[in-house]
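# Observations on the model geometry
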Amino acid sequence: MESSLILIKPSAIERFLTGEIISRLQKKGLIITGLKMMQLDEKILREHYAHLVDRPFFPFLLASMMACPVIAVCVKGKNAVEAVRNMVGFTDGSKAAPGTIRGDYCLSNQENIVHASDSPENAAIEIKRFFKEDEIFDYTPGYFRYLYDPEGH
Ligand code: UDP
Ligand code: MG
């Protein structure tokens, strides 16, 4: 089972889209193993968006991500990283396919309502960045046998 990190961004919190986003993750069969509201600061965002710190829009991205608390969600499932990225859609909401979270709920490149890990390696780093070890609950729900075959496929 693979894990992925999702951030419900201020643009989703302010627009009351939290329930919709969590509902979609759950309906897909992803198991929530961590859930936490937190106020991000510049330090954690410079780390999280290290690949973007030199881009001209970075100050706007910082302000956008600190506008209000975010909700960090850790999920697990088969190919969870790729599955979640596919559900989230293209970065720019105006170009994201209908049926994806960004494609259905936003038009912006920056105010694109969610973050999702882009590789299993980055997911492991990001989960550690946003959750303490004892904030992740790696349990197996009772309905697990309705999600996969007996070998986990
Ligand atoms: N972003 C932006 N302008 C851009 C590209 C990215 O404001 O031209 C923001 C946007 O909120 C995006 C985040 O920076 O979600 C991280 O960018 P990345 O390229 O990693 O996209 P993602 O992985 O979120 O699709
Ligand atoms: Mg990214």
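Refer to the structure printed above.
Reading guide: rules and limits
Throughout this document, residue positions are counted from 1 along each chain, in the order its sequence is written. Naming scheme: in the order in which they are written, chains are lettered from A and ligands are numbered from 1. In keeping with the model being predicted, local features are shown solely for residues with a pLDDT of at least 70 and side-chain atom pairs are shown and tallied solely at 80 or more, while totals for entire chains, interfaces and linings include all residues. Processing note: side-chain calculations cover all non-hydrogen atoms of the structure and skip hydrogens and water entirely. For this analysis, a salt bridge means a side-chain nitrogen from Lys or Arg found within 4 Å of a carboxyl oxygen belonging to Asp or Glu. For the purposes of this entry, the term helix denotes a DSSP run of H or I that reaches at least four residues, the term strand denotes a run of E that reaches at least two, and both are numbered from the N terminus. Neighbouring residues are identified by heavy atoms, a residue being near a molecule or strand if any of them is within 4 Å of it. In the analysis that follows, any N or O atom pair within 3.5 Å is treated as a polar contact, provided that within protein one partner can donate a hydrogen and the other can accept it, and provided that, for residues neighboring in sequence, both atoms belong to side chains. All accessibility values rest on the Shrake-Rupley procedure with a 1.4 Å probe; residue burial counts only the protein chains present in the view. Accessible area is worked out with a 1.4 Å probe on protein chains only. A residue is then buried under 20% of its type maximum, exposed over 50%, and partly exposed in between. A strand pair is defined by DSSP finding two or more bridges across the two strands.

## With respect to the pattern of salt bridges
Within this structure, the stated rule accounts for 6 salt bridges. Asp104 serves as the salt-bridge partner of Arg24, at 2.8 Å between the closest nitrogen and oxygen. Taken together, the residues Arg24 in helix H2 (residues 18–28) and Asp104 in helix H6 (residues 101–105) connect sequence positions 80 residues apart. A salt bridge links Arg129 to Glu47, with the nearest nitrogen and oxygen atoms 3.0 Å apart. Placement of the pair is Arg129 in helix H7 (residues 120–130) and Glu47 in helix H3 (residues 42–48), with a sequence separation of 82 residues.

## Side note on the site of ligand 1
Residues in contact with ligand 1, as listed here, are Lys9, Tyr49, His51, Leu52, Phe57, Leu61, Arg85, Thr91, Arg102, Asn109, Gln110 and Asn112. A distance of 3.0 Å is found between an oxygen atom of ligand 1 and a side-chain nitrogen or oxygen belonging to Lys9. One of the side-chain nitrogen or oxygen atoms of Asn109 is found 3.0 Å away from an oxygen atom of ligand 1. Computed on the free molecule, ligand 1 has an accessible area of 500 Å², of which 83% lies beneath the protein chains in the complex.

## A short note on the pairing of strand S3 (residues 70–77)
Strand residues, when the strand is regular, have side chains that alternate between the two faces of the sheet. Taken across its 8 residues, S3 has 8 buried, putting it largely inside the fold. Burial along S3 is two-sided: the face carrying Val70, Ala72, Cys74 and Lys76 and the face carrying Ile71, Val73, Val75 and Gly77 are both buried. Pairing between strand S1 (residues 2–8) and S3: 7 bridges, direction antiparallel. Along S3, the bridge assignment pairs Ser3 with Lys76. Sheet analysis places strand S2 (residues 31–38) next to S3, joined by 7 bridges and oriented antiparallel. Directly across from Met37, in S3, lies its bridge partner Ile71.

## Some remarks on unusual backbone geometry
Glycine aside, the phi torsion of most residues is negative, and most peptide linkages are trans. We note that Phe16 has phi near 60 degrees; this positive angle belongs to a residue other than glycine. Relative to the helices and strands, Phe16 resides in the loop between helix H1 (10–13) and H2. Here Phe16 falls in the exposed class, since its relative accessible area comes to 76%.

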